[in-house]
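Descriptive analysis of the structure
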Amino acid sequence: MAAPESLSLAQARRVALAAQGFTDPAPVGVPTRRHLRRALDRVGLIQMDSVNVLQRAHYLPLYSRLGPYPTTLLDGAAYRRPRELFEYWGHEASLVPVGLHPALRWRMARARDDAWGGMRRIAAEQPGLVAWVRDEVAARGPLTAAEIEHDAPRETGNWGWNWSAVKKALEFLFWAGEVAAADRTTSFARRYDLPERVLPAAVLGAPTPTEAEAHRALVSVAARSLGVAAEPELRDYFRLPAAGARRAIAELTEAGELTPVTVRGWRHPAWLHAAARLPRRVRANTLVSPFDPLVWERGRAERLFELAYRIEIYVPAPQRVYGYYVLPFLQGERFTARVDLKADRKAGVLLVPAAWLEPGAEPGETALALAAELYRLAGWLGLDAVAPPAAGNLAGPLSGALRGVAGVP
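A short tour of the structure in this document, coming up.

Analysis parameters
- Residues numbered from 1 in each chain as written.
- Predicted model: local features only at pLDDT ≥ 70, side-chain atom pairs only at ≥ 80, totals over all residues.
- Heavy atoms only, no water.
- 1 Å grid on protein atoms, 1.4 Å probe; cavity = no way out; pocket = protein on both sides within 12 Å on 5 of 7 lines; lining within 4 Å.
- Points joined across faces, edges and corners; volume = space filled by probe spheres on them.
- Helix = DSSP H or I, 4+ residues; strand = E, 2+ residues; numbered from the N terminus.
- Nonpolar A, V, L, I, M, F, W, Y, C, P; charged D, E, K, R; others polar.
- Phe/Tyr/Trp six-rings, centres within 6.5 Å; stacked < 30°, edge-to-face > 60°.
- Lys NZ or Arg CZ within 6 Å of the ring centre and 35° of its normal.
- Contact = heavy atoms within 4.5 Å.
- Pairing = 2+ DSSP bridges.
- Salt bridge = Lys/Arg side-chain N within 4 Å of Asp/Glu carboxyl O.
- Buried < 20%, exposed > 50% of the residue type's maximum accessible area, 1.4 Å probe, protein only.

A few words now on the layout of surface pockets. By volume, the second largest pocket amounts to about 310 Å³. Of all the secondary structure elements, the ones that give two or more residues to the lining of the second largest pocket are helix 3 (60-66) and strand 10 (284-287). Here the lining of the second largest pocket gets 4 residues from one element, more than from any other, and that element is helix 3. Of the residues in the lining of the second largest pocket, the class split is 7 nonpolar, 6 polar and 5 charged.

Quick look at the packing of aromatic side chains now. Counted by the stated rule, this structure contains 11 aromatic pairs. In this structure an aromatic cluster arises from ring pairing among Tyr-63, Tyr-69 and Trp-380. The aromatic ring of Trp-163 is capped on one face by Lys-167, whose charged end is 5.3 Å from the ring centroid. A cation over an aromatic ring shows up here: Arg-338 above the ring of Tyr-322, its NZ or CZ 4.1 Å from the ring centre.

Assignment of secondary structure puts Phe-335 in strand 12 (residues 334-344). Counting along the chain gives 93 residues from Phe-335 to Ala-242, while the straight-line C-alpha distance between them is 30 Å. Sequence-distant contacts of Phe-335, defined by excluding residues within four places in its chain, comprise Val-288, Leu-294, Val-295, Phe-305, Leu-307, Pro-328, Phe-329, Leu-330 and Glu-358.

As defined by bridge partners, strand 5 (residues 180-184) adjoins strand 6 (residues 190-193) across 4 bridges and the pair is classed as antiparallel. In the strand pairing of strand 6, Ala-181 is matched with Tyr-192. The turn joining strand 5 and strand 6, which pair antiparallel and follow one another in sequence, is formed by 5 residues; a positive phi near 75 degrees is taken by Phe-188.

One pass over the full model with this rule turns up 2 cavities of 30 Å³ or more. Considering only enclosed or pocket space, the largest cavity measures out at about 60 Å³ in volume. Taken together, Phe-86, Glu-87, Tyr-88, His-101, Met-108, Phe-174, Gly-177, Val-179, Ala-180, Pro-195 and Leu-199 form the lining of the largest cavity. At 3 residues, strand 3 (residues 85-90) tops the list of elements feeding residues into the lining of the largest cavity. Tallied by class, the residues present in the lining of the largest cavity amount to 8 nonpolar, 2 polar and 1 charged. What lines the second largest cavity is simply Tyr-309, Arg-310, Ile-311, Glu-312, Tyr-322, Gly-323, Tyr-324, Val-326 and Arg-338. Looking at the lining of the second largest cavity residue by residue, the class counts come to 5 nonpolar, 1 polar and 3 charged.

Okay, the pattern of salt bridges next. If you walk through the whole model with that rule in mind, you get 28 salt bridges. For Asp-114, the salt bridge identified is with Arg-110, shortest N-O distance 3.0 Å. Residue classification places Asp-114 among the partly exposed positions, given a relative accessible area of 30%. Since its relative accessible area comes to 27%, Arg-110 is described here as partly exposed. Each of Glu-87, Lys-167, Glu-171, Arg-184 and Arg-190 takes part in a single network of salt bridges with overlapping partners.

Have a look at this one:
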């Protein structure tokens, strides 16, 4: 598209949704590796998270763009040769295209300064342990932390992060790029191995760019995946330092890859990527993960979609507003509802603890579209039924719509 000087909010939404792959043609039949690559090219990277109340987070962005797809496609791309993705700290823990490995080496080189506190302390205070752990991986990998930590001292009192000294050493080595994730166990534990036994030789042999070049490459990926964006989200996509991101934005603007634009209603200056498209309409009907790149920068989600969204996993249950694991529902180019979901795998039922209508959305139309999507999601998860919602201002209309989809009077 020819770069305009300004965009309306509706135009910015459509640009963003197209850039993220929500206007790409739906696969005919079962999605293939070609469809997977197209979706991965749109999003640039996929965030990971261990919560499994519905589905592991890294599987959901592809479902939102491709519909029901075999998750073995993503597993193969990430953990089987020839690998197309590798685990690293991109936007938090992420699956990142292997071609971006050189652009992330600056982060690996800064592990002693930038890694989380426990990892830094282990590296500074117990270098012998770190070296021993690396030797164990070299001799016996791939290994989980549990296979080598034995009775290593373990901190207590940090919910979810009571790591042993060995686990901290492994995670420091992972941050530093000295070990890599070979794969994951069925319980989602990382199995560590040396990078030369995990990553393609051509990737490891590629030259290391300067830090400025790397920041420019990563901002370029972010800008292409976002379509139109302000500085905070261009920086946040790969969690870049502010100064480095600003310099990269300026250099990409000078090169013509980014064009400054104003988006009506935004306080922040914005940039439009040269490859951005402005479709006439968006016909999405899909649930979106809390960890989807479309919404993970919450300020952008609010500015772009008027979606005030916060994940409430870590909020005490009595204080939650919408629920534990809440997914927004994208209908057309707007979010019209949000639902708290849980997969009861033993009973074969998709539970809906709560369903909420977004302001301005029409309840009947939204309920019908959402009911169809919930049954599509349930089928992909191998569940046979969808339970009526237990709470929320959309519970009544959605319960009726679910009965209609199921053919129950």
